[in-house]
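# Breakdown of the fold
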Amino acid sequence: MTHKAPKDLRSARWFAPDDLRSFGHRSRLMQLGYSEDDFRNKPMIGVLNTWSELNTCHAHFKERVQDVKRGVFQAGGFPVEMPSLSVDESFTKPTSMLYRNMLAMETEEMIRSHPLDGVVLMGGCDKTTPGLVMGAISAGVPMIYLPAGPMLRGNYAGKILGSGSDAWKYWDERRAGNISDEEWLGIQGGIARSAGTCMTMGTASTMTAIADAMGLTLPGASSIPAVDSGHQRMGADCGRRIVEMVWEDLTPDRIVTEAACRNAAVVAMATGCSTNAVVHLIAMARRAGVDLSLDDLDALGRVTPLIANVRPSGKDYLMEDFFYAGGLRALMKQIEDRLDLSALTITGKTLGENLEGAVVYNDDVIRPLSNPVYREGSLAVLRGNLCPDGAVIKPAACDPKFHYHEGPALVFDSYPDMKAAIDDETLEVTPDHVLVLRNAGPQGGPGFPEWGMLPIPKALIKQGHRDMLRISDARMSGTSYGACVLHVAPESYVGGPLALLKTGDIVRLDLANRLLDMVVDEAELEARKAAWQAPVPRYERGFGYLYQRHVTQADKGCDFDFLQSDFGRTAGEPDIF
């Protein structure tokens, strides 16, 4: 194993030379109250903290960062907290996805421009995981991802509540007139009871599990509830380990390999992952030069059973139960014959070594392969004349009767138009209709918002219907469920075929054959295409202008084209004069 000498530390360029510039660097640290013994010849560890007072998922990070710093100090490093873009899911509009790439850019440039030898990435809320990891992969210094951990189970009136999933469920009941104001307020106060990410297998838990399976966290760290004392200990462990990684020169290019990305995809499918995993995992892989595609993910989904009985794809349990059942290490142990156990991880050991001794304590939560929740994986990729570049559906989370469906389209060009229509009890709609929302993709949204779980029309809600086929070029929350086809690519805003669909056209979904088509003859489609006019650009300045010019489509991961590894050479170390 290699071991760096202090003179070879990256930070030594800032602090070691006997010149005026390094004098300035050292004097400024002394200005903060440190002596030279505190920082000279020690790895400087950046702790990138996405805490904010509006990010409820990370409410505990203000304290947790102290645990990380404690571990760094104990291992002989010098920690520095670096506040980072919080990208909270609840309050950032129009969608946090608009700013995932901004966080990735900030992370990469913050690391590159400062005297950091290694970094601990503190994230958890949906887009923070891919954003931080993408930036750190591109920066290339040793890194550990510290996942925020799920919140405690929700509870109201003796009923267990799952974040997101039960919000949709009980909102439909409220629209149907079945829930009083008092009950609604009780659910509102009981559904999120502690710091931490959504405790369903939503996007947050999906993405932290992906980082774990990819080898970027301490083994099993993604499963620890945010307010469990084990989470504090894990934070300190991250601090100690990152110092060791710097001396070992264990960089992300040795960890985020094709095998690691494949392992992450298999684990995601087995957990009942969020549909958002597709977009983020492709983007993360491509930052590492791994050409992961929709077809790769669909192929893995066809042969990977879903064994985590965690809502919304599972029926009975939440992330707290998953942790008590053994957590992600136990799940990976169940499917270890489907994983590349030789993949290197941030521990310096292989994935196989990290799984030794993992045990399932409740085999109804983490099922054996002989008794899966769903025989195939969580996601399926569709193609057809509506989505030549792909679309995604979550078969396990929708009524099987929609796995093959034909029905007339009911098309909306904007969310306000759709919302007004579905709340109109006189709307002419049947359960066989296919609700369609367009102009909600990466450019059309803008930012690819989570609008894809289109509300069921109120008229159908009052008839007792709770699901119907819905199609959009949007995303949906990982806590959502239903017969929702998402990520239609290319999106309608840039002239994709979804822009040509009209109300009344017959739409056909054939899940078994992975097909999604509009039953319209080619001559008619060509005439509609010739008549289509591009919409007026949404932005004329600022970050939005940059975004709309450079964001890729859903099937490519929605990264900026100029940030992908195949665009050009990564910048070298900064000049210091």
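Throughout, residues of each chain are indexed from 1 in the direction in which the sequence is written. Whole-chain, interface and lining totals are the exception, using all residues; otherwise, since this is a predicted model, local features are given only for residues with pLDDT of at least 70 and side-chain atom pairs are given and counted only at 80 or more. The side-chain quantities take in all heavy atoms of the structure and omit both hydrogens and water.

## As for the overall build of the protein
Secondary structure assignment for the protein yields 20 helices and 14 strands. The C-alpha radius of gyration computed for the protein amounts to 24 Å, which stays within 12% of the reference 25 Å derived for 577 residues, consistent with globular compactness. Only protein chains enter the accessibility calculation, which uses a 1.4 Å probe; a residue is then buried when its area is under 20% of its type maximum, exposed when over 50%, and partly exposed in between. Looking at the 577 residues of the protein, the share that counts as buried comes to 59%. Contacts are assigned to residue pairs with any non-hydrogen atoms lying within 4.5 Å of each other. The long-range fraction of contacts in the protein, counting pairs at least 24 apart against all pairs at least 6 apart in sequence, stands at 76%. Residue-level accessible areas treat just the shown protein chains as cover; the underlying method is Shrake-Rupley with a 1.4 Å probe. Split by element, the accessible area of the protein, about 22,200 Å² in all, is 51% carbon and sulfur. This count recognises Lys and Arg as positive and Asp and Glu as negative, with His and chain-terminal groups excluded. Charge positions are represented by NZ for Lys, CZ for Arg, CG for Asp and CD for Glu. Of note, the protein has its 59 positive side-chain charges centred 3 Å away from the centre of its 74 negative side-chain charges. Helical segments are the DSSP runs of H or I of at least four residues, strand segments are the runs of E of at least two, and each set is numbered from the N terminus. Note that the radius of gyration is over C-alpha atoms, with the globule rule given as 2.2 Å times the number of residues to the power 0.38.

## A short note on the sheet that holds strand β2 (residues 78-83)
A pair of strands is labelled paired if DSSP reports no fewer than 2 bridges between them. On the basis of which strands lie adjacent, the open sheet formed by 4 strands has the order β2-β1-β3-β4 and parallel pairing. Every other strand in the sheet has two partners, leaving β2 and β4 (143-147) as the edge strands with one partner each. Between one strand and the next, the sheet's axes are offset by a mean angle of 20°, whatever the strand orientation. Pairing between strand β1 (residues 44-49) and strand β3 (residues 118-123): 5 bridges, direction parallel. Note on β3: the bridge partner recorded for L48 is L121. In this analysis an axis means a line fitted to C-alpha atoms, helices contributing only their contacting stretch, and an angle means the value between N-to-C directions, from 0 to 180 degrees.

## Remarks on the environment of A260
Mapped onto the fold, A260 is located in helix α11 (residues 258-271). With a relative accessible area of 0%, A260 lands in the buried category. Each C-alpha atom of the pair A260 and D337 lies 14 Å from the other, and the pair is 77 residues apart in sequence. What A260 contacts, discounting residues up to four positions off in sequence, is A213, M214 and I255.

## A word on helix α17 (residues 415-422)
All of the buried residues in α17 are M418, A421 and I422. Mapping the buried residues of α17 onto a view down its axis gives an arc of 90°, with all of them on the same face. Counted as exposed and oriented over 90 degrees from the buried face of α17: P416 and A420. Residues of α17 that are buried in the fold lie against α7 (165-175), β9 (404-412), β10 (434-437) and α18 (458-461). Directions from the helix axis toward the C-beta atoms define the arc.

## Things to note about helix α12 (residues 276-287)
Here, expected helix span is obtained from the residue count minus one, scaled by 1.5 Å. The end-to-end C-alpha distance of α12, which contains 12 residues, comes to 17 Å, matching closely the 16 Å that a straight helix rising 1.5 Å per residue would cover. With 12 of its 12 residues buried, α12 lies for the most part within the structure. Along α12, the positions that sit buried rather than exposed are N276, A277, V278, V279, H280, L281, I282, A283, M284, A285, R286 and R287. One or two steps after α12, the chain reaches G289, where phi turns positive at roughly 80°.

## Remarks on the pattern of salt bridges
Any carboxyl oxygen of Asp or Glu within 4 Å of a side-chain nitrogen of Lys or Arg constitutes a salt bridge here. Within the structure shown, the criterion is met by 41 salt bridges. Put simply, R40 and E36 hold a salt bridge, and the shortest N to O gap is 3.1 Å. Residue class for E36 comes out partly exposed when judged on its relative accessible area of 31%. Here R241 makes a salt bridge to E244, at a shortest N to O gap of 2.9 Å.

## What about the pairing of β1?
Each regular strand shows side chains that alternate between the opposite faces of the sheet. Along β1, 6 of the 6 residues are buried, which leaves the element largely enclosed by surrounding structure. Residues of β1 alternate between two faces, with M44, G46 and L48 on one and I45, V47 and N49 on the opposite face, all of them buried. As paired elements, β1 and β2 share 6 bridges and run parallel to each other. Residue I45 lies in a different strand from β2, and its bridge partner there is P79. Clockwise travel from the first strand over the helix to the second, with the strands pointing away from the viewer, marks a crossover as right-handed. What joins β1 to β2 is helix α4 (residues 61-74), and the crossover it makes is right-handed.

## Here's the deal with the nonpolar core
Counting residues in hydrophobic clusters, the biggest one holds 105 residues, and the most contacted among them are V120, I210, M214, L216, F322 and L331. Not counting the four nearest positions on each side in its chain, L331 is found in contact with V267, A270, T271, I307, A308, F322 and I366. Among the buried residues, those of types Ala, Val, Leu, Ile, Met, Phe, Trp, Tyr and Cys that are joined through side-chain atoms within 4.5 Å form a nonpolar core. If you look at the next biggest cluster of nonpolar residues, it comprises 27 residues, including C387, C398, L516 and V520.

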